[in-house]
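Summary of structural features
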Amino acid sequence: MIKDAYDQTISSFTVRIERQDGPGSPSYWETFDVTYESDMNVISVLQRIAAMSETATGEKTTPVAWSCGCLEEVCGSCTMVINGKVRQSCSALVDNLLDGTDQELVLQPMSKFPVVRDLVVDRQRIFRSLQRVEAWVPVDTYYDMGPGPKVSRAQQEINYPLSECMSCGCCMEACPQYTKVEVVRADGESDADYDKRVNEAYDTQFIGPQAISQAMLFNSHPTGAQIAEERLELLSGPGGVQVCGNAQNCVTVCPKEIPLTTSIARAGRAVTVHKFKKWFGKS
Amino acid sequence: MTQEMSFFERHEFMIRRLHSLSGLIPVGAFMVVHLMANASINNGTESYQKIVYQIHSLGPAVLVVEWLFIFLPIIFHALLGFVFIFQGRSNVSKYPYQANYRYVAQRVTGMIAFFFILWHVLQMNGVIHADWFRETIADPIGLAQFRPYNAASTAAKALQNPIVSGLYAIGILACVFHFANGLWTMGITWGVWVSPKAQKMASHICLGVGAIIAVIGLSALVGFYKVDIDKAEARELEMYEQGIKSGTILADPHKLIDSQRADQENH
């Protein structure tokens, strides 16, 4: 309905983009005029901008860099801050964004991750968090272990929503307890040395809602649960579930509507029980 | 993790859980009892004085209880709270959601509560009870105004100024919000209420608990404002003399106001 209104009223709109040439370099703003077409999403806007490579004042500029993959909100790679809110740019439709009086689009990279270039950020910390809580099913054997245990229908209903997580970063971007960690590469530092330093820096910082939820998912998986206690120990390590400040932004911004705060409370309960067992002995 | 971790990092879980627990036991629990005891002023001077007598029947152990279960836990909770506040970055302007506002409010009320309690303890209790401190520092600048054996009259006198009672009202409301909202977040932290439905219900209950405690806390302010100070002082002296005679209270003229103390010491 909004689209129809704009069809008749606007021929172009403004896009302001927070750009950055590389890791550690200063950010700056550029404004672009984009010709309006119906049914555009932010990705198609970025495609037009790349094709023009010209700012609103007519100066030539480098194409704005962004990353995207699936274009159907299941891969998470095109996550950015659009008009102040974190979301996927593929499912951000221009017709919905240009509502009311504001005929401007503001695009920024996520603020909690190191910028690679323009709107592309390094999401390594998200995947490192999954490693930190061992968010997988352990199957380290060559032997055929036979079919795994059955998962009840009721348990499937709980697990499925958690399995929809695409590690996009929205929950961490919106979390006031999750703060940016950026490790600058030293001159002549090898990839291995740099990665080691980066991981060390990440490993004492908050793991974020996504990793907590994934730990709960794999603790509910009958085979994954074989290392449930190990995961709970990791979950209560430095930067673990205890860092949560209950602002509950994660669950509100999650594009997959994953019950993240439920996972966090489940993790809180599981860790409470785990610690009591550990300190006072299993009976 | 090959890097050396700090003490805080190695024990972060334990430290944060102790911080969470200390908010309820003993700090929050003490606050509720304290506000209820204050509210007894609405039953009259005698009622309030009797509760203070009961507390002071511990004699010198009052100091131990004060430090072990009240001052030290509050200091522990507050100092860690400040550390945690500066570890987060609030973002309500970008994400103006209800729980996010409460995240900020929890931190703001925590800071208000800290400075309020600091002022309140110095103003009323004074912390150091030695005579030299009272005479040279406390009395001239208006600290240590509360006298346990003139409980109603001295508390009322300290709260006669409407600016003071106004600041007390703000302080009490900040403490109560911090307690009620903290109770709710604590239930999530420890995993008591897990599902969104349970969390919602718990937030209503915490709101109700907070509202009741706020009314109790503020009612005491009204009660103290209405005390007839001269009458209360006279009644307190009567209660003191009779209490000593019957042996129901410990004689300690230091816990009386100066005019009555001198008389008692001359006896």
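The model shown is predicted, which means the values in this text are computed figures rather than measured ones.

Let us now look at the interface of chain A and chain B. The interface is formed by 28 residues belonging to chain A together with 28 residues belonging to chain B. If you tally residues by element for the side of chain A that touches chain B, the top one is helix α11 (residues 260–280) of chain A, at 8 residues. Grouping the amino acids of the side of chain A that touches chain B by side-chain chemistry returns 8 nonpolar, 15 polar and 5 charged.

Next up on the list: the sheet that holds strand β5 (residues 104–108) of chain A. Residue and element names in this part refer to chain A. With respect to topology, 5 strands assemble into an open sheet ordered β2-β1-β5-β3-β4, the strand pairing being mixed. One side of each edge strand has no neighbouring strand; the edge strands of this open sheet are β2 (27–35) and β4 (85–88). Neighbouring strand axes in the sheet, compared pairwise and without regard to direction, differ in orientation by 30° on average. Where strand β3 (residues 79–82) meets β4, 4 bridges bridge the pair, whose relative direction is antiparallel. Looking across to β4, one finds that valine 81 is bridged to valine 86. Its contacts with the sheet place helix α2 (residues 42–52) against β1 (12–20), β2, β3 and β5, and it is angled at close to 95° to β2.

The subject of this paragraph is the pairing of β5 of chain A. Residues and elements named next belong to chain A. Summarising the sheet, β1 and β5 pair through 4 bridges and their orientation is parallel. Following the sheet pairing, isoleucine 17 is matched in β5 by leucine 107. Taken together, the 2 bridges between β3 and β5 define a ladder with antiparallel strand orientation. Among the inter-strand pairings, isoleucine 82 is bridged to a residue of β5, identified as leucine 107.

Below, the discussion takes up unusual backbone geometry. For residues other than glycine, phi is negative in most cases, and the peptide bonds are mostly trans. In the segment running from isoleucine 25 of chain B into proline 26 of chain B, the intervening peptide bond is cis, with an omega of 5°. Within the secondary structure, proline 26 of chain B is located in helix α2 (residues 12–39). You will see that serine 167 of chain A, though not glycine, has its phi angle at about 50°, which is positive. By secondary structure assignment, the location of serine 167 of chain A is in the loop between α5 (153–163) and α6 (170–174). Note on serine 167 of chain A: 21 C-beta atoms within 10 Å, which makes it buried. Phi angles above zero are rare outside glycine, and glutamate 257 of chain A is one such case at about 50°. Inspection of the secondary structure puts glutamate 257 of chain A in the loop between α10 (249–253) and α11.

Here we take up α2 of chain B. Residues and elements named next belong to chain B. In this model, α2 (28 residues) spans 39 Å end to end at C-alpha, consistent with the 40 Å of a helix rising 1.5 Å per residue. Among the residues making up α2, those that are buried are Glu12, Phe13, Arg16, Gly23, Val27, Gly28, Met31, Leu35, Asn38 and Ala39. Buried residues along α2 sit against α1 (7–10), α4 (61–87), α8 (162–189) and α9 (196–225).

Attention shifts here to the domain arrangement of chain A. All names here are of chain A. Under the domain assignment, chain A is made up of domain 1 (2–117) and domain 2 (123–280). For domain 1 and domain 2, the distance between their C-alpha centres works out to 31 Å. Broken down by element, the side of domain 1 that touches domain 2 gets its largest block of residues, 3 residues, from β4. Of the residues assigned to the side of domain 1 that touches domain 2, the class counts are 6 nonpolar, 5 polar and 3 charged.

Conventions used here
Residues numbered from 1 in each chain as written. Chains lettered and ligands numbered in written order. Predicted model: local features only at pLDDT ≥ 70, side-chain atom pairs only at ≥ 80, totals over all residues. Contact = placed C-beta atoms within 7 Å. Helix = DSSP H or I, 4+ residues; strand = E, 2+ residues; numbered from the N terminus. Nonpolar A, V, L, I, M, F, W, Y, C, P; charged D, E, K, R; others polar. Pairing = 2+ DSSP bridges. Axes fitted to C-alpha atoms, helices over the stretch in contact; angles between N-to-C directions. Buried ≥ 20, exposed ≤ 12 C-beta atoms within 10 Å, placed from the backbone. Expected span 1.5 Å × (residues − 1). Domains from an automatic or database assignment.

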